[in-house]
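Letter by letter, the chains look like this.
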Amino acid sequence: MNQTLLVNKTDFGDVVPVNIDEAPLAEDHIRVRIGPFALTANNITYMVTGDRMGYWKFFEPSEYGIDRPGAGRIPVWGFAEVTESRVGNISVGERIYGFFPVAEMLDIKPARLSRHSFHDGASHRIPLHPVYNTYVRTQNDPGFDGDLDDLQPVLRPLFTTSFLIDDRFDENRFYGADQILILSASSKTALGTAFCMKQRGAAKITGLTSARNKAFVESTGFYDHVVTYEHIHTLDGGEKSAVVDMAGSGEITGRVYDHFGENIVYNCMVGKSHRQGGKPPKINAGAPPVMFFAPDRARERIGEWGRDGFADRLGAQWIPFCQSAKDWLDINKSQGIEKLLPVYQAFLEGTVPAAKACLFSLQENHP
Ligand SMILES: NC(=O)c1ccc[n+]([C@@H]2O[C@H](COP(=O)([O-])OP(=O)(O)OC[C@H]3O[C@@H](n4cnc5c(N)ncnc54)[C@H](OP(=O)(O)O)[C@@H]3O)[C@@H](O)[C@H]2O)c1
């Protein structure tokens, strides 16, 4: 039996665990036991943008023998262990890292197999973005450090985005800004971005956050200045500022534009952690938002730097960031669907404390 969680694509609070019968493993496939995997606001955004960006298509229930029209599976990042293999070069017990559904097990058809990684060659996944189709073979990947094991499912996809945003800003000389305004400053993607940008010292880094997260954001030391959304008007509106927006709240973005006007020299639109934050505002003055999609930027940089060059540059920032996270991130690991469901609902409502990281395995007694 393989337990999985189905979500109503038009009402994310409506979830149902179902058990799928496991067929014998097909030729040229591996079967993996999923976990631990992480849940963050990013996974909620995958659902919010699921139709537009294709995130529902990765683990479409009908592709896996589940007949439930209107239901989808939440994609998550995490580890998995091979429990059965019908592929010569992949052994039972091998550990991989990548994109999975919230489920106990997944069958994968490895393609483009190398020492470091493989893709899932399932026909419905081939047209999708390769970044989400790659499984890293943990034992052969220099980017993995056993000491940082629990941090990786939570921070790796988010910090890769942070690294790429900072790189984009550096390439463009910070768009001439004296100040970078980072919205939803307590999100992990924002913290990583501030961490990278602060080291460059190219501009003042100002974090905008909610009142309940202000003290936490300040305690990380990654921002030069932290203000709450209610106090945006206290900032110097005459300062040339670039925005990095993880919140995606029309209401908050509107306040920022109203206050800074033409002094907004760039707006990097990254996320929508405030999923109920309203539609984008009408912008009368200042640079309009430009969408940032990390997988596309990663593909561009891998093309220019090569895989090793990319891994070296990312690794140089990633390891120190993870080391720092030991001081500010509280990791909670749990097993079983009963533990996951209340935390999932809390993520939908946005009530999970920013300092908390949540890792899960659906299978009980997962090592
Ligand atoms: N474009 C890309 O390629 C890319 C890549 C990675 C991530 N992202 C996006 O970046 C965003 C941040 O992701 P993350 O995983 O880093 O987030 P996270 O660490 O889980 O962020 C948690 C923070 O988000 C805010 N928040 C979360 N849910 C909320 C709600 N329902 N209402 C109001 N505020 C809420 C709160 O921050 P504040 O109180 O500080 O507002 C909260 O502390 C996501 O939208 C994600 O999809 C985009």
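All chains use their own residue numbering, which begins from 1 and follows the written sequence. For a predicted model such as this one, the threshold for reporting local features is a pLDDT of at least 70, and the threshold for listing and counting side-chain atom pairs is 80 or more; totals across whole chains, interfaces and linings nevertheless cover every residue. To get the side-chain values, all heavy atoms of the structure are used, and hydrogens and water are removed first.

Right, let's get into the site of the ligand. What makes a residue near a molecule or strand is one non-hydrogen atom of that residue sitting within 4 Å of it. Neighbouring residues of the ligand: 30 residues in total, closest Thr40, Thr189, Thr209, Ser210 and Tyr229. The backbone of Ala41 places a nitrogen or oxygen atom 2.8 Å from an oxygen atom of the ligand. Contact between the ligand and Lys188: an oxygen atom at 2.8 Å from a main-chain N or O atom of the residue. In short, Shrake-Rupley with a 1.4 Å probe defines the accessible areas, and a residue's cover is counted only from the protein chains shown. Expressed as a share of its isolated accessible area of 950 Å², the protein-covered part of the ligand is 91%. Put simply, DSSP marks the helices as runs of H or I at least four residues long and the strands as runs of E at least two long, and each gets a number from the N terminus on. Looking at the shell around the ligand, the elements with two or more residues in it are helix 1 (41–48), helix 3 (151–171), helix 4 (188–200) and helix 8 (337–349). Top element by residues in the shell around the ligand is helix 1. It accounts for three residues. Taken together, the residues of the shell around the ligand break down into 11 nonpolar, 16 polar and three charged. Of the domains in this structure, domain 1 (2–141 + 329–361) and domain 2 (155–295) are the two that each give at least three residues to the shell around the ligand. Think of a polar contact as two N or O atoms within 3.5 Å of one another; within protein, one of them needs to be a possible hydrogen donor and the other a possible acceptor, and neighboring residues in sequence only count if both atoms come from side chains. Only Asp, Glu, Lys and Arg are considered charged, only Ala, Val, Leu, Ile, Met, Phe, Trp, Tyr, Cys and Pro nonpolar, and every remaining residue, Gly among them, polar. Where each domain starts and ends comes from a domain assignment, either automatic or drawn from a database.

All right, on to the environment of Phe347 then. Considering the arrangement of structural elements, one finds Phe347 in helix 8. By definition, residues are in contact when any of their heavy atoms lie within 4.5 Å. Those residues in contact with Phe347 that lie beyond four places of it in its chain are Leu39, Thr40, Ala41, Ile44, Val352 and Cys358.

Right, let's get into the layout of surface pockets. The definitions used throughout rest on a 1 Å grid laid over the protein atoms alone, on which a cavity is an enclosed set of points accommodating a 1.4 Å probe that cannot get out and a pocket is an open set flanked by protein within 12 Å on both sides along at least five of seven lines; lining residues are those having an atom within 4 Å of a point. Grid points are joined across faces, edges and corners, and a volume is the space filled by probe spheres set on the points. In this structure, the second largest pocket occupies an estimated 430 Å³ of space. Considering the residues around the second largest pocket, the lining is formed by 20 residues, among which Glu22, Arg31, Glu63, Tyr64 and Asp107 are closest to the centre. With three residues, strand 7 (residues 105–108) is the largest single contributor of residues to the lining of the second largest pocket. For the lining of the second largest pocket, the residue count by class is nine nonpolar, four polar and seven charged.

Once that is clear, we can look at the packing of helix 3 against helix 7 (residues 294–328). Axes here mean lines fitted to C-alpha atoms, for a helix over just the part in contact, with angles spanning 0 to 180 degrees between N-to-C directions. At a minimum axis distance of 8 Å, the contact between helix 3 and helix 7 shows a crossing angle of 120 degrees. Judged by the angle between their axes, helix 3 and helix 7 are oblique. In this structure, helix 3 crosses over helix 7, and the sense of that crossing is right-handed. By residue class, the composition of the contact of helix 3 with helix 7 is 14 nonpolar, four polar and nine charged. Angle categories: roughly parallel below 35 degrees, roughly antiparallel above 145, roughly perpendicular from 65 to 115, and oblique for all the rest. Left-handed is the label given to a crossing in which the near helix is rotated counterclockwise from the far helix by less than a right angle, and right-handed is the label when the rotation is clockwise.

Moving on to the sheet that holds strand 14 (residues 241–245). We treat two strands as partners when DSSP finds at least two bridges between them. The six strands lie next to each other as 13-12-11-14-15-16, forming an open sheet whose pairing is parallel. Each having just a single partner strand, strand 13 (225–228) and strand 16 (289–291) make up the two edges of the open sheet. Going from strand to strand, the sheet's axes swing by 25 degrees on average, the running direction of each strand aside. Strand direction decides the pairing type here: strand 14 and strand 15 (residues 264–269), joined by five bridges, are parallel. For Ser241, the partnering residue across the bridge sits in strand 15 and is Ile264. Of the strands in this sheet, strand 11 (179–183), strand 12 (204–209) and strand 14 are in contact with helix 4, which crosses strand 11 at around 165 degrees.

Okay, the pairing of strand 11 next. The classification of residues rests on relative accessible area computed with a 1.4 Å probe and restricted to protein chains. Under 20% of the type maximum is buried, over 50% is exposed, and intermediate values are partly exposed. Of all the five residues making up strand 11, five are buried; the element is thus mostly covered by neighbouring parts of the structure. Burial along strand 11 is two-sided: the face carrying Gln179, Leu181 and Leu183 and the face carrying Ile180 and Ile182 are both buried. Seen with its strands pointing away from the viewer, a crossover is right-handed when the path leading from the first strand over the helix to the second is clockwise. Handedness of the strand 11-helix 4-strand 12 crossover: right-handed.

All told, the structure shown has one cavity of 30 Å³ or more when counted by the stated rule. Considering only enclosed or pocket space, the largest cavity measures out at about 50 Å³ in volume. As for the largest cavity, its lining consists of Ala38, Thr40, Asn42, Asn43, Trp77, Pro153, Val154, Pro157 and Leu158. It is helix 3 that contributes the most residues to the lining of the largest cavity, four residues altogether. Taken together, the residues that form the lining of the largest cavity break down as six nonpolar, three polar and no charged.

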